[in-house]
Every structure is written in C-alpha cells, then in structure tokens.
Amino acid sequence: MPSYTVTVATGNQWFAGTDDYIYLSLVGSAGCSEKHLLDKAFYNDFERGAVDSYDMTVDEELGEIQLVRIEKRKYWIHDDWYLKYITLKTPHGDYIEFPCYRWITGEGEIVLRDGRAKLARDDQIHILKQHRRKELETRQKQYRWMEWNPGFPLSIDAKCHKDLPRDIQFDSEKGVDFVLNYSKAMENLFINRFMHMFQSSWNDFADFEKIFVKISNTISERVMSHWQEDLMFGYQFLNGCNPVLIRRCTKLPEKLPVTTEMVECSLERQLTLEQEVQQGNIFIVDYELLDGIDANKTDPCTHQFLAAPICLLYKNLANKIVPIAIQLNQTPGEENPIFLPSDAKYDWLLAKIWVRSSDFHIHQTITHLLCTHLVSEVFGIAMYRQLPAVHPIFKLLVAHVRFTIAINTKAREQLICEYGLFDKANATGGGGHVQMVQRAMKDLTYASLCFPMAIKARGMESTEDIPYYFYRDDGLLVWEAIQTFTSEVVGIYYESDQVVEEDQELQDFVKDVYVYGMRGKKASGFPKSIKSREKLSEYLTVVIFTASAQHAAVNFGQYDWCSWIPNAPPTMRAPPPKAKGMVNIEQIVDTLPDRGRSCWHLGAVWALSQFQDNELFLGMYPEEHFIEKPVKEAMARFRKNLDAIVSVIAERNKNKKLPYYYLSPDRIPNSVAI
C-alpha cells in the first residue's frame with residue numbers, strides 16, 4: 001500500500017499552536033485518500049514553532065498529488081492554528097511543498113496547492129481551475145470595499161481590528177493599540193506629568209527641554225541646537241521627514257509679489273531675482289492645500305489656527321538651500337506681508353515656525369497617511385480580492401502588504417476617527433485632516449508614486465545642481481534595485497507582453513485599484529489595464545517602493561525632526577501675524593502648543609518612529625511562497641544589490657553631523673505596518 005510522509009510546520013507567533021484535531025486528505029490525479037487524523041500517541045502535536053512528521057498509508061495509488069485538504073475540528077474550545085507549510089514525501093521519494101502561511105480558525109478547512117506559481121492559463125485541469133475560482137469567490141466576500149469618508153480611496157469594510165479576516169490581523173492587537181502606545185511613550189519619555197496640562201504655556205524655548213532631554217538622539221539634539229538657523233530650515237526640505245514638496249521655481253507666482261529689492265541681501269550672485277529663477281537657483285514650497293481648511297475646534301478652551309504659506313528658497317554659492325521670503329497666506333495684501341531674513345529676528349523666526357507647522361500638517365495627512373498608508377491598503381485589498389495564492393504576483397506582493405490593512409483599520413478606530421487621538425494635539429484634527437485628504441486626492445497620480453518621475457516633475461533630478469538631496473539619491477538606488485528584481489520575476493512567469501495582456505486575474509487586480517482606490521478618475525493616470533512586461537514591472541515597483549522605501553523615508557524620521565516642538569508645532573494657538581514689527585518671544589511661546597498638546601505630540605512621534613517587534617526589512621522573505629529556483633536566485637541577487645546600497649549609504653554618512661539613513665535598506669521595513 002502506498003505510503004506518504006507528511007511534514008507539518010506550525011507558526012512561531014504567539015498562540016500559533018493548537019490542541020484541536022487536525023485531519024489531512026490528499027487529492028491526486030488518480031483518486032482521493034480518506035481523511036487521516038494527524039496524531040502521535042503521548043505527544044503534544046502542533047505546538048507553536050513545531051515541525052511534526054506523520055506517516056500516512058493510502059489504499060491505492062493516487063497519481064500526481066494536486067491538492068492537500070486540511071480540516072480542523074474542535075477538541076475542547078475553539079483554538080486557532082497558524083499553518084506555515086506542509087511538505088509531502090511521495091512513495092517514489094519525491095518531495096512536494098505546499099506553502100500556506102495562514103490561520104485556520106474555528107471548525108475550519110483549507111485546501112492547498114503545491115508551491116509552484118501558476119498563471120490561470122497554466123491550469124488545464126478542472127479541479128485546479130475550480131480551486132482557483134473558489135478561493136477568489138471566498139476572498140471577495142471577506143475583503144469588501146468600503147467608503148470611510150466621501151472622496152477617500154476606498155478601504156476595507158471593517159469597523160474595528162477584530163472584524164478583519166484573521167489572516168491579516170496583527171499577531172497581538174495589544175502591540176498596536178495607539179492609546180496604549182502613546183501613553184507608554186509618554187511614560188518612557190518621562191513626560192506623563194505634563195500630559196493633562198492643556199492651556200498651560202511653556203515659559204520660553206528652553207522650557208521645551210523639560211520634555212526633550214530624556215532620550216539621546218543625534219539628529220533631534222542637533223535640531224534643538226540649530227532649529228532657528230536658515231540653513232537647518234532649508235535642509236529639512238531636502239532631507240527631513242517631508243522631502244517631497246520642494247520644487248524648482250520656473251516662474252514666480254503672481255500671488256507672491258516678491259521683488260529683487262526685497263531679497264537682494266540674500267542673493268549672492270549679483271543677479272536679479274528673475275535671473276536667479278532663470279538660472280535655476282530659486283525653489284518654492286506652496287502649502288495652498290491648507291487654504292480654507294477648518295482648524296480644530298474640539299477643545300472650546302483653546303483656539304487653534306492654520307495658515308497656508310508660500311515659502312521661497314534660494315540655492316546659495318555653497319549649494320545649500322536657504323529661505324529668502326515667506327508669505328503666510330495665499331492672497332497678497334497689506335495684512336499678509338512677505339517676511340524676509342532682513343526683518344526683525346522674531347518676525348522672521350515666527351514666519352518660519354508657521355511654515356514648519358504647515359509642513360507638519362501636510363506631512364502627517366498627505367505625505368504619510370494618504371500617499372503611503374491609504375494607497376498601500378488599496379493595493380493590498382485589490383491583491384487579496386483578485387489574485388489567488390498560486391499567482392506569482394500574489395506571491396511577490398503578499399510580504400509588502402503585511403499588516404497594512406490592520407494598522408489602517410486600527411488608525412480609523414482610534415487615531416483619525418471623530419474624537420480620536422489625532423484631535424488631541426493637531427490643528428487639523430476635528431475634521432480638517434479629512435478635508436485635506438479629499439482635496440489631495442485630486443493631485444494623487446500614478447506618476448507621483450513613480451519615484452524617478454516624481455523627482456523630475458519637481459525639477460529636482462540634477463545631482464550637480466542640487467548635490468545634498470540624499471532622499472533623491474538613496475531613493476533612486478532603492479527604486480532601481482526593486483525594479484531590477486520585479487523585472488526578473490516578471491520575466492520568469494511572463495514570456496511575452498501578450499501573456500501579460502491575457503492574464504485576466506492580473507488585469508482585474510489593476511482595474512480594482514483604479515476603480516475603487518482611485519475612484520475611477522482618469523486624471524489620476526492610474527492604468528486600467530497593463531499590456532506589457534515593462535509596464536507590469538514598473539507597476540509592481542510602485543507597489544513595493546510605496547509600501548517599503550517611501551513609507552520608511554517619511555515615517556521613521558518623525559522623532560528626529562518633530563520631537564523638538566518649535567521645529568514642528570502640531571498646532572498654533574494664535575493667528576498668523578498681519579504686520580511686521582509686532583512679535584516678541586513671549587508671543588511666540590504663547591502661539592506654540594501648550595504643555596499637554598506638546599506631550600501628546602511627542603508621544604505620537606516617538607511611537608510612530610519605532611520599528612515593529614520582529615520587523616521584516618526590504619529583501620527579507622522568510623515566508624517561502626515561491627519554491628522555484630529561478631525566483632530564489634532573483635531574491636538572492638536582490639538582497640545582494642540592497643546590501644551594496646547599505647554600504648554606499650554608510651560610507652556617505654561617515655563623519656556627517658546630520659547622517660541620512662532612512663532609505664538604507666537595512667532600515668526599510670517591507671510593508672506599512674506602523
């Protein structure tokens with residue numbers, strides 16, 4: 001009688017093991033086996049992290065094994081089980097791998113195919129076609145689209161974390177409880193004594209050190225020491241945590257009526273302002289999106305204010321970027337003066353603080369929330385709905401959407417919801433952040449997510465003209481490494497452009513992103529379909545880069561750049577000045593956040609800047625969804641390329657007072673998970 005050896009691997013995460021009864025049956029080309037109970041006498045089967053083997057004898061030859069069916073039946077209480085993989089040794093001595101990496105819940109059943117990646121056209125056998133179709137039908141019932149707010153990209157239909165499919169929940173919900181994490185952060189930072197002191201102003205700038213000095217951090221300490229300097233202000237547009245707004249100014253906007261006479265003391269080349277523009281030495285950051293956004297009114301005891309500044313910057317003879325003019329609102333006029341470096345010290349400082357505060361709002365809500373979190377969730381939901389586990393693109397992308405839907409659901413539950421944590425300290429809380437996303441959706445385009453295109457669109461591509469733009473330099477290296485990898489994977493499974501075009505599952509995935517994520521807007525430039533291997537590789541690079549590198553670049557520097565409150569105020573408690581010569585230090589301190597809001601802000605940026613426990617970084621694929629040698633070799637080359645980038649960045653950062661490391665691949669998590 002034919003005998004098989006079945007090896008079963010249980011996950012390592014908390015509560016992965018089970019005491020339930022596990023039955024296994026085999027489906028082959030020549031017949032099906034009976035159900036076999038996998039059980040060893042006097043042995044605790046399926047413990048967390050265990051790899052257990054069982055001999056299984058069948059009555060007759062089964063032929064080529066096509067499917068493995070696993071059933072879980074209750075022993076005492078319902079006990080979820082995380083199955084990593086099953087390996088089958090056939091009577092002929094062959095080994096067949098069946099990757100799973102999923103939870104089996106309740107009285108559950110999972111049917112697995114072997115680990116070879118297959119396009120739909122590769123499946124000619126009815127039972128395999130049926131399995132493929134059923135898997136997607138089940139997933140489409142589990143992963144439903146929902147509109148959380150009008151105009152937003154659609155998100156998962158789940159009110160809270162526990163409503164999500166078990167496979168995409170966090171291993172431990174406690175680890176991502178925002179309320180718990182923020183409170184813990186304030187405790188770790190020794191600032192919880194200030195957390196309820198709303199409406200209580202700090203005495204002066206030095207007073208902010210009371211909530212700052214407990215954690216040593218090279219960059220944040222340097223920010224604290226140099227935040228008032230124009231060089232530090234300008235540097236952050238290139239390499240701070242929001243390095244995506246600065247663009248080369250090709251024409252001075254009419255709404256910013258700045259003249260050569262106003263700024264001539266800042267210009268170093270004896271040229272007029274117009275000539276400097278023509279030579280490419282003038283840059284601009286425009287916070288127009290904030291114009292008319294409602295400020296937070298959730299606390300009747302504290303008035304909060306927003307501005308919509310325009311900041312003009314100049315590349316000096318040392319090739320450093322410095323500010324030369326700031327207008328705090330969009331419409332020019334007597335009550336909206338243009339502030340200059342030649343103005344009184346505190347006039348100029350307060351104008352810069354307003355720009356930094358506005359930058360913080362755009363960063364948190366658009367650069368970070370919309371353009372990484374919400375966009376990555378769209379890719380994740382579409383993937384689960386339209387690509388079966390056997391599809392090569394599912395196998396490629398699944399590591400890059402790990403926990404993304406879960407973290408976003410948790411954020412909608414606790415952070416950005418009505419009366420959520422976001423309302424506590426941010427001037428755009430109470431609904432302003434929702435208005436911002438609704439507006440920004442008009443400018444969210446496919447091209448803006450293609451890193452090289454986005455850099456070029458802002459006129460920032462020249463390394464010779466702008467030599468200290470490390471975000472650009474490192475980002476291009478990582479983009480190229482990812483694109484090389486995706487091109488290799490696409491080349492393995494798609495022998496021609498025609499195969500890409502005829503892959504209906506792939507086309508449905510791309511269409512889901514366009515229709516539901518981008519709400520079917522032609523202006524977004526998102527493709528409705530993909531017709532070539534080259535375009536598919538680019539699309540996959542966008543998905544992976546957004547989830548990994550782009551998120552890392554704009555998330556993990558938050559404590560570095562935003563922990564010194566005057567450098568990134570989350571709210572302002574007085575309106576922008578309407579005239580010059582009226583500002584003193586007391587007014588600035590009274591405008592900055594109070595003690596309570598400062599503490600909540602600090603707890604937030606500290607918590608958001610921490611890596612997850614057991615973080616998986618770019619190039620790490622511990623779940624072996626792919627079993628084929630050519631893909632494993634492509635992964636090895638990818639890791640080698642990433643290691644080379646790590647070395648290049650480490651060498652560049654040597655002896656730098658302000659190292660830039662957010663895009664070093666050993667610091668880039670695989671997915672948006674915090």
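Because the structure is predicted, anything quoted here is derived from the model rather than measured. One numbering rule holds for all chains: residues counted from 1, following each sequence as written. Since the coordinates come from a predicted model, pLDDT governs what is reported: local features require at least 70, and pairs of side-chain atoms require 80 or more to be given and counted, while whole-chain, interface and lining totals use all residues. Side-chain calculation: all heavy atoms of the structure are included, whereas hydrogens and water are not.

A.B. asks: Give a description of the sheet that holds strand β5 (residues 51-57) that names residues and reports values.
C.D. replies: Within the open sheet, the four strands sit side by side as β5-β1-β7-β8. Their pairing is antiparallel. Only two strands of the sheet have a single partner each, and these edge strands are β5 and β8 (95-104). Averaged over all neighbouring strand pairs, the angle between strand axes comes to 20°, with direction disregarded. Criterion used throughout: strands pair if DSSP finds at least two bridges between them. Note on conventions: DSSP H or I runs of at least 4 residues are helices, E runs of at least 2 residues are strands, and numbering of each starts at the N terminus. Where strand β7 (residues 81-89) meets β8, eight bridges bridge the pair, whose relative direction is antiparallel. Helix axes use the C-alpha atoms of the stretch in contact, all axes being lines fitted to C-alpha atoms, and the angles between their N-to-C directions lie in the range 0 to 180 degrees.

A.B. asks: Mind laying out the UniProt feature "binding site: Fe cation" (unreviewed entry) in the protein, listing which residues take part and the relevant values?
C.D. replies: UniProt positions are given in the numbering used here, feature names are shortened, and annotations may be inferred rather than shown by experiment. Following the UniProt record, the feature "binding site: Fe cation" (unreviewed entry) maps to H368, H373, H551 and I674 here. Over a stretch of 307 residues, the named residues converge on one spot in the fold, their C-alpha atoms separated by at most 10.9 Å. For H368, the location among the structural elements is in helix α7 (residues 345-386). Only protein chains enter the accessibility calculation, which uses a 1.4 Å probe; a residue is then buried when its area is under 20% of its type maximum, exposed when over 50%, and partly exposed in between. Owing to a relative accessible area of 5%, H368 belongs among the buried residues under this scheme. The contact criterion used throughout is that any non-hydrogen atoms of two residues lie within 4.5 Å. In this structure, H368 is in contact with H363, H373, H551, V554, N555, Q558 and I674, ignoring residues within four places of it in sequence. Position of I674 relative to the elements: it lies in the segment after α21 (629-653). Assessed through its relative accessible area of 15%, I674 is described here as buried.

A.B. asks: So what about a nonpolar patch on the surface? Which residues, and what values?
C.D. replies: Taken together, the side chains of Y21, L37, Y75, W76 and I77 define a hydrophobic patch exposed on the protein surface, amounting to about 610 Å² of accessible area. The topology assignment puts I77 in the loop between β6 (65-73) and β7. The class of I77 is exposed, set by a relative accessible area of 57%. Every patch collects residues that have over 30% relative accessible area and no salt bridge, joining them within 9 Å if they carry like charges and within 5 Å if they are nonpolar side chains (Val, Leu, Ile, Met, Phe, Trp, Tyr). Calculation of accessible area relied on Shrake-Rupley with a 1.4 Å probe; when residues are assessed, cover is drawn exclusively from the protein chains displayed. Throughout this description, the term salt bridge denotes a Lys or Arg side-chain nitrogen within 4 Å of a carboxyl oxygen of Asp or Glu.

A.B. asks: Describe empty space enclosed by the protein, and please don't skip the residues or the numbers.
C.D. replies: In the cavity and pocket records, a cavity denotes points on a 1 Å grid over the protein atoms alone where a 1.4 Å probe fits but cannot get out, a pocket denotes an open set with protein on both sides within 12 Å along at least 5 of 7 lines, and lining residues are residues with an atom within 4 Å of a point. Grid points are joined across faces, edges and corners, and a volume is the space filled by probe spheres set on the points. Inspection of every chain in the model, using the stated rule, returns four cavities of 30 Å³ or more. Looking at the second largest cavity, its volume works out to about 50 Å³. Around the second largest cavity sit W148, F152, P153, L154, S155, L374, E377 and R412, which together line it. Residues are grouped as follows: nonpolar covers Ala, Val, Leu, Ile, Met, Phe, Trp, Tyr, Cys and Pro; charged covers Asp, Glu, Lys and Arg; every other residue, Gly included, is treated as polar. Partitioning the lining of the second largest cavity into residue classes produces five nonpolar, one polar and two charged.

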